[in-house]
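# Structural overview for review
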Amino acid sequence: GAVVSQHPSWVICKSGTSVKIECRSLDFQATTMFWYRQFPKQSLMLMATSNEGSKATYEQGVEKDKFLINHASLTLSTLTVTSAHPEDSSFYICSAREAGTSGLDTQYFGPGTRLTVL
Amino acid sequence: AQSVAQPEDQVNVAEGNPLTVKCTYSVSGNPYLFWYVQYPNRGLQFLLKYITGDNLVKGSYGFEAEFNKSQTSFHLKKPSALVSDSALYFCAVREPPGYALNFGKGTSLLVTP
């Protein structure tokens with residue numbers, strides 16, 4: 001099946017620093033990638049939709065200047081958490097939709113990145 | 001607006017017994033429905049999906065789900081549970097033409113030996 005990777009798998013940073021998380025589709029091209037956030041024992045909350053070559057679409061309540069998303073190629077999207085604070089600590093998960101498919105597509109998820117801000 | 005409800009926070013099943021994890025949905029059009037499984041500190045793994053066609057959908061690891069339009073349900077089932085099935089299960093819905101998934105809160109499945 002399709003594989004999506006994320007790097008790093010976990011990161012610890014100091015408050016005020018920025019952290020970049022990469023999401024890669026390894027064996028397919030992804031027209032669209034999605035970024036989710038998951039708090040402990042809770043569901044996934046969609047943060048933004050990232051389309052290759054265009055600006056990301058953010059969900060209501062998500063600060064686009066704080067969570068910078070870049071989808072520069074069909075296999076890579078990055079999420080940068082700028083000026084991170086402890087409340088940004090969370091599990092960040094990306095997913096990718098394969099390019100060229102019809103509406104009958106499936107999203108494939110990365111393994112997630114655990115961010116801890118001290 | 002679309003939404004998904006998983007009424008049970010946790011389901012406990014003895015190994016070898018059948019299991020059911022419930023999901024109901026609410027959409028204005030025809031739904032695309034999905035089940036994913038998440039193991040601790042891991043991402044989501046795709047189990048199965050319903051788009052159209054046969055209401056009984058078979059997926060990975062012996063799981064299946066039945067789409068019931070009149071009850072707006074998409075319950076996940078397995079005839080014989082394994083201890084290794086213990087994980088967090090998420091039901092999700094997508095309402096075309098959008099591609100984003102709306103997830104339920106998740107149901108923790110515990111299969112005991």
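One structure accompanies this document, and this report is about it. (Residues numbered from 1 in each chain as written. Chains lettered and ligands numbered in written order. Predicted model: local features only at pLDDT ≥ 70, side-chain atom pairs only at ≥ 80, totals over all residues. Heavy atoms only, no water.)

Moving on to the overall build of chain B. If you tally the helices and strands in chain B, you get 0 helices and 12 strands. Ordering the α and β elements of chain B from the N terminus gives β-β-β-β-β-β-β-β-β-β-β-β. A globule of 113 residues ought to have a C-alpha radius of gyration of about 13 Å, and chain B, at 13 Å, matches this closely. The buried share among the 113 residues of chain B stands at 44%. Put simply, 56% of the contacts in chain B that link residues at least 6 apart link residues at least 24 apart. When the 9 basic and 8 acidic side-chain charges of chain B are each reduced to a single mean position, those positions are 5 Å apart. (Helix = DSSP H or I, 4+ residues; strand = E, 2+ residues; numbered from the N terminus. Rg over C-alpha atoms; globule rule 2.2 N^0.38 Å. Buried < 20%, exposed > 50% of the residue type's maximum accessible area, 1.4 Å probe, protein only. Contact = heavy atoms within 4.5 Å. Lys, Arg positive; Asp, Glu negative; His and termini not counted. Charge placed at Lys NZ, Arg CZ, Asp CG, Glu CD.)

Turning our eyes to something else, we now look at the state of the cysteines. The final tally for this structure, using the stated rule, is 2 disulfides over all chains. With its sulfur 2.0 Å from that of its partner, Cys23(A) forms a disulfide with Cys94(A). Given an S-S torsion of about 80°, the disulfide between Cys23(A) and Cys94(A) has right-handed geometry. Of this pair, Cys23(A) sits in strand S3 (residues 19-25) while Cys94(A) sits in strand S9 (residues 90-98); the two residues are 71 residues apart in sequence, bridging distant segments of the chain. For Cys23(B), the disulfide goes to Cys91(B), at an S-S distance of 2.0 Å. Residues Cys23(B) and Cys91(B) are joined by a disulfide whose S-S torsion is about -65°; by sign, that bridge is left-handed. (Disulfide = S-S within 2.5 Å.)

Chain B puts 20 residues into the contact, and the matching count from chain A is 20 residues. For the chain B and chain A pair, buried surface summed over both sides reaches about 1,600 Å², with 55% attributable to carbon and sulfur atoms. The largest per-residue losses of area from chain B upon contact with chain A belong to Leu44(B), Tyr99(B) and Phe103(B), which jointly make up 31% of the total buried on that side. In this structure, the connection of chain B to chain A is made through 0 salt bridges. Counting every contact that joins chain B to chain A gives 4 residue pairs in polar contact (both at pLDDT 80 or more). Sorting the residues of the side of chain B that touches chain A by element identifies strand S5 (32-38), strand S6 (44-50) and strand S10 (87-94) of chain B as the ones contributing at least two each. With 4 residues, the single largest contributor to the side of chain B that touches chain A is S5(B). Considering only residue class, the side of chain B that touches chain A consists of 12 nonpolar, 4 polar and 4 charged. (Buried area = accessible area lost by both parts, 1.4 Å probe. Salt bridge = Lys/Arg side-chain N within 4 Å of Asp/Glu carboxyl O. Polar contact = N/O pair within 3.5 Å; in protein donor to acceptor, adjacent residues only side chain to side chain. Nonpolar A, V, L, I, M, F, W, Y, C, P; charged D, E, K, R; others polar.)

Further remarks concern the pattern of salt bridges. All names here are of chain A. Counted according to the given criterion, the structure contains 5 salt bridges over all chains. Note that Arg 24 is salt-bridged to Glu 22, the shortest N-O span being 3.5 Å. Where Asp 88 meets Lys 66, a salt bridge forms, and the shortest distance between an N and an O atom there is 2.9 Å. Remark: Lys 66 occurs in the loop between strand S6 (57-58) and strand S7 (67-73) and Asp 88 occurs in the loop between strand S8 (76-81) and S9; sequence separation between them is 22 residues. Taken as a pair, Asp 88 and Lys 66 share a single burial class, namely buried.

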